[in-house]
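# Architecture at a glance
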Amino acid sequence: MSKVSVLVVDDAPFIRDLVKKGLRDHFPGLRIEEAVNGRKAQQHLARQAVDLILCDWEMPEMSGIELLGWCRAQEPLKEVPFIMVTSRGDKENVVQAIQAGVSDFIGKPFSNDQLVTKVRKALSRSGKLEALLASAPQRSLASGPPNDSLAALTGGKAEVVRPAAPAAPARPAAAPAAAPAPRSAAPTQGKGQGQLRLPNVSLPCVIRALSLKEAQLVVKRGQALPQVLESAVLDLDEENEVARLNGYLHSVAALEPKPDSEWLLLLLRFVDQDPQKLDYLSRLIARGSTQRHYVPGA
């Protein structure tokens, strides 16, 4: 077994699985550990050394920035590469993380190429990449895996860019039947709007329905069609409250019952388990349903 190890820290199981799958596909021989929040990661690091930390920012019990500060205060962990995997890309958050000693960032949602490039760079800088290459099985790391399932899930190289097609994507999961399209509900108008960030595109969206587990979103169809199981971040800004909700696309369907529908209905399943985000969602659902911005209980 390789002596090169990485610790993946995220409270969302789906995100941890994506990261672990990508690492296994591209870095055979890498030992992968995981933790569900900063507190668990702290306990793991206190008893076992690692060569790289991939960590979410927003987590219950102990956040990623708190874990980073703790790591930099520990002599054995001061030089361990620490990559923040986060949807917090604002300047003030980036500056805060740099001041705390972060090594690099991977923005959510991430593509396969971004994950692999950042990890390779971190291991190379710390002098661990050569040892990992030497311990890898027969398949060369340089050539990459023949079947990259993480790319298919996150929309990396596997994303297919198509012209306006006569049908919705061929792999939609089971989804609630599409209601008649709200003709005036353009993504850039009205209340109940947000921004949906996918690995390679950012789309204005209108919230049709919302619950603590998922959201029904309407987006305008473009050349690059959103893909089922693609990771995504829903940015919401309501009455001076901002939230970045991590999730994945559970289904993609045409909003109107015709092949050339201009609008798509997306079902976004949330993966966050942060109590602060759940509290925000609860208040947003109550306020939105009262003001009739959207239907509660997606």
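In this text, all values refer to a predicted model and were calculated from it rather than measured experimentally. (Residues numbered from 1 in each chain as written. Predicted model: local features only at pLDDT ≥ 70, side-chain atom pairs only at ≥ 80, totals over all residues. Heavy atoms only, no water.)

## A look at the environment of L67
Relative to the elements of secondary structure, L67 occurs in helix α3 (residues 64-72). Assessed through its relative accessible area of 0%, L67 is described here as buried. Between the C-alpha atoms of L67 and A100, which are 33 residues apart in sequence, the distance is 9.9 Å. The residues contacting L67, other than those within four sequence positions of it, are V9, G38, A41, Q42, L45, C55, M62 and F82. (Helix = DSSP H or I, 4+ residues; strand = E, 2+ residues; numbered from the N terminus. Buried < 20%, exposed > 50% of the residue type's maximum accessible area, 1.4 Å probe, protein only. Contact = heavy atoms within 4.5 Å.)

## Digging into the sheet that holds strand β4 (residues 82-86)
If you trace the five strands from one edge of the open sheet to the other, you get β2-β1-β3-β4-β5, paired in parallel fashion. Pairing within the sheet leaves two strands with one partner each, and these edge strands are β2 (31-35) and β5 (104-107). Put simply, the sheet's adjacent strands are angled 20 degrees from each other on average, direction ignored. When β4 meets β5, the two strands line up parallel, connected through four bridges. Looking at β5, one finds that T86 is bridged to G107. Along the sheet face, helix α2 (residues 38-47) touches β1 (5-9), β2 and β3 (52-56) and points at about 160 degrees away from the line of β1. The strands that helix α5 (residues 112-125) touches are β3, β4 and β5; relative to β5, the one it contacts most, it runs at about 170 degrees. (Pairing = 2+ DSSP bridges. Axes fitted to C-alpha atoms, helices over the stretch in contact; angles between N-to-C directions.)

## A short note on the pattern of salt bridges
Inspection of every chain in the model, using the stated rule, returns 18 salt bridges. For D51, the salt bridge identified is with K128, shortest N-O distance 3.5 Å. Here D51, found in the loop between α2 and β3, pairs with K128, found in the loop between α5 and α6 (129-135); they are 77 residues apart in sequence, far enough to count as distant. Judged by relative accessible area, which is 13%, D51 ranks as buried. K128 gets classed as partly exposed once you look at its relative accessible area, which sits at 32%. Across the pair K277 and E58 runs a salt bridge whose closest N-O atoms are separated by 3.2 Å. Here E58 lies in the loop between β3 and α3 and K277 lies in helix α8 (residues 275-290), a separation of 219 residues in the sequence. Both residues of the pair, K277 and E58, count as buried. (Salt bridge = Lys/Arg side-chain N within 4 Å of Asp/Glu carboxyl O.)

## Quick notes on the packing of α2 against α3
For the pair α2 and α3, interaxial distance at closest approach is 9 Å and the crossing angle is 20 degrees. It follows from the interaxial angle that α2 and α3 lie roughly parallel. Once α2 is placed against α3, the crossing between them reads as right-handed. Residue-level inspection shows G38, A41, Q42, L45 and A46 of α2 in contact with α3, the latter providing L67, W70 and C71. Residue composition of the contact of α2 with α3, by class: six nonpolar, two polar and no charged. (Parallel < 35°, antiparallel > 145°, perpendicular 65-115°, else oblique. Left-handed = near helix turned anticlockwise from the far one by under 90°. Nonpolar A, V, L, I, M, F, W, Y, C, P; charged D, E, K, R; others polar.)

## Notes on the side chain of D56
Its location among the elements puts D56 in strand β3. Judged by relative accessible area, D56 falls into the buried class, the value being 3%. Not counting the four nearest positions on each side in its chain, D56 is found in contact with V9, D10, D11, G64, M84, V85, T86 and K108.

## Brief notes about α5
Under the 1.5 Å per step criterion, the end-to-end length of α5 is 20 Å for 14 residues, consistent within 8% with the ideal 20 Å. When we look at burial in α5, the residues that qualify are N112, L115, V116, V119, A122 and L123. On an axial view of α5, the arc spanned by its buried residues comes to 135 degrees, and they lie on one face. Within two residues after α5, G127 carries a phi angle of roughly 80 degrees, on the positive side. (Expected span 1.5 Å × (residues − 1). Arc of directions from axis to C-beta.)

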